[in-house]
Amino acid sequence: MPGESLEVLGAILESFALNDRNWPEIPFAKLDLTKLVRALIVQVMPNYAKITMGLFAALMTACSQQVSSPIAVHTLTVPVASAETPVPLFPEATGGAAPTRSPVTMPSPTIPASPESFSIGDSLENRPIIAWRIGTGEHIIVLVGGIHGGYEWNSVNLLNELLVYFTENAAEVLPGIQLILIPVANPDGYASGRDFAARFNAAGVDLNRNWGCDWAETAFIWDIPIDPGDGPFSEPETQALQAFFLLVQPDAVIFYHSMQGAVFMGDCGPKHPPAAWMGDLLATATGYPYEEFSIYPVTGDASNWLAQVGIPAATIELSTREQTDFTINLDGVIALQCHFVLGDDYDADPAAWQVCNKVVNDE
Ligand SMILES: [Zn+2]
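For the structure given in this document, a descriptive report is provided here. This is a predicted model, so every value here is computed, not measured. (Residues numbered from 1 in each chain as written. Predicted model: local features only at pLDDT ≥ 70, side-chain atom pairs only at ≥ 80, totals over all residues.)

Let's talk about the pairing of strand β3 (residues 139–144)
Most of β3 is tucked away: 6 of the 6 residues are buried. Here β3 runs beside strand β4 (residues 177–182); their pairing, made up of 6 bridges, is parallel. Counterpart to H139 in the pairing with β4 is I177. Read from β3 through helix α4 (residues 153–168) to β4, the crossover connection turns out right-handed. Looking at chain direction, β3 and strand β7 (residues 252–258) are connected through 4 bridges and run parallel. (Buried ≥ 20, exposed ≤ 12 C-beta atoms within 10 Å, placed from the backbone. Helix = DSSP H or I, 4+ residues; strand = E, 2+ residues; numbered from the N terminus. Pairing = 2+ DSSP bridges. Right-handed = clockwise from strand over helix to strand, strands pointing away.)

A closer look at the packing of helix α7 (residues 276–286) against helix α9 (residues 326–342)
Where α7 meets α9, the axes come as close as 8 Å, and the angle between the chain directions of the two elements is 135°. Put simply, α7 runs oblique to α9. The way α7 lies across α9 gives a crossing that is right-handed. Contacts between α7 and α9 pair L281, L282, A285 and T286 from the former with I328, N329, D331, G332, A335, L336 and H339 from the latter. When its residues are assigned to classes, the contact of α7 with α9 shows 6 nonpolar, 4 polar and 1 charged. (Axes fitted to C-alpha atoms, helices over the stretch in contact; angles between N-to-C directions. Parallel < 35°, antiparallel > 145°, perpendicular 65-115°, else oblique. Left-handed = near helix turned anticlockwise from the far one by under 90°. Contact = placed C-beta atoms within 7 Å. Nonpolar A, V, L, I, M, F, W, Y, C, P; charged D, E, K, R; others polar.)

A closer look at the sheet that holds strand β2 (residues 128–134)
One open sheet holds the 7 strands; their spatial order is β1-β2-β4-β3-β7-β9-β8, and the pairing between them is mixed. Two strands lie at the open edges of the sheet, namely β1 (116–122) and β8 (262–265), each paired on one side alone. If you compare each strand with its neighbour and ignore which way they point, the axes differ by 20° on average. Sheet topology places β1 next to β2; 5 bridges connect them, and they run antiparallel.

As for helix α6 (residues 236–248)
Side chains that are three or four residues apart share a direction in an α-helix, a result of its 3.6 residues per turn. Along its 13 residues, α6 runs 18 Å from first to last C-alpha, staying within 8% of the 18 Å computed at 1.5 Å per residue. Burial runs high along α6: 11 of the 13 residues are buried. Taken together, the buried residues of α6 touch β1, β2, β3 and α8 (302–308). Following α6 by one or two positions, Q249 has its phi on the positive side, about 45°. (Expected span 1.5 Å × (residues − 1).)

Next comes the structure, spelled out in structure tokens:
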């Protein structure tokens, strides 16, 4: 499957099903078409027959034609904050600049000086769900904050602090890595306040009970019944995230919540066990315990669905409802990069080792 076909696929995919979204320059060569088709059939088709038929037709067309003519890849749209947009589109980390670490010299001319941003879709109230990309490597790590809106606002602050940090310390996005940060997955909830009601989207749905693994009509947080939506992926925010994950096929995803102070790994039944290596790695780097979530049954969870489609996904619960736990979570993200770039052979790249070694020293 030549790369050109995949570019065409991307263009067709947008025109078919996602025509109101502005996709970034996706690393199409990274796409595993077989995996994508399987995910579409298994996960999406039952819910969006119309959309999926379009996607499926597009995939088949791209596969059969082996198109080689160049198609313009969509240019990035840099969102412009306006008075009507209460959600901060560019990082506004509280307390000014993000914390700094000791400087590391690692020349890397391929890393862009500033992050690129794009919208992966709109919320129910038409707020864009903004993603920021730093680095151009083949290994894609996606970090997501604010799926529980303003109620877990410190997860948004953490994402903004990480965005500022990696922008100012671009050498710490290792060669071979592409970091994509989605600070506010639930922009309507984030804009609506900081109380419990701000956890949900504008329809009152809990966006972390709206995914396809073990979705249930009756959902809970602790013993409080909450609305999981009319069905899996009934909400526009969940649909946008789902489509984005299926398209970019990340190597790893972390969702940040508060406030259990622990790492949990997504899983979905015996066929889709948790990526224990990632739980162990994040626990070692951050100091949060890696635990199995057993406090109450969680249905329709995002990380569990990602596990179901073969993407390792963690839920990191910050320690409190206010703090960002910035330093330890930065260590977690760097450790994850080290895993993909260096594996066990940290000596392979002395410059990268220099960065990774800081995490090792912190352990
Ligand atoms: Zn949460």
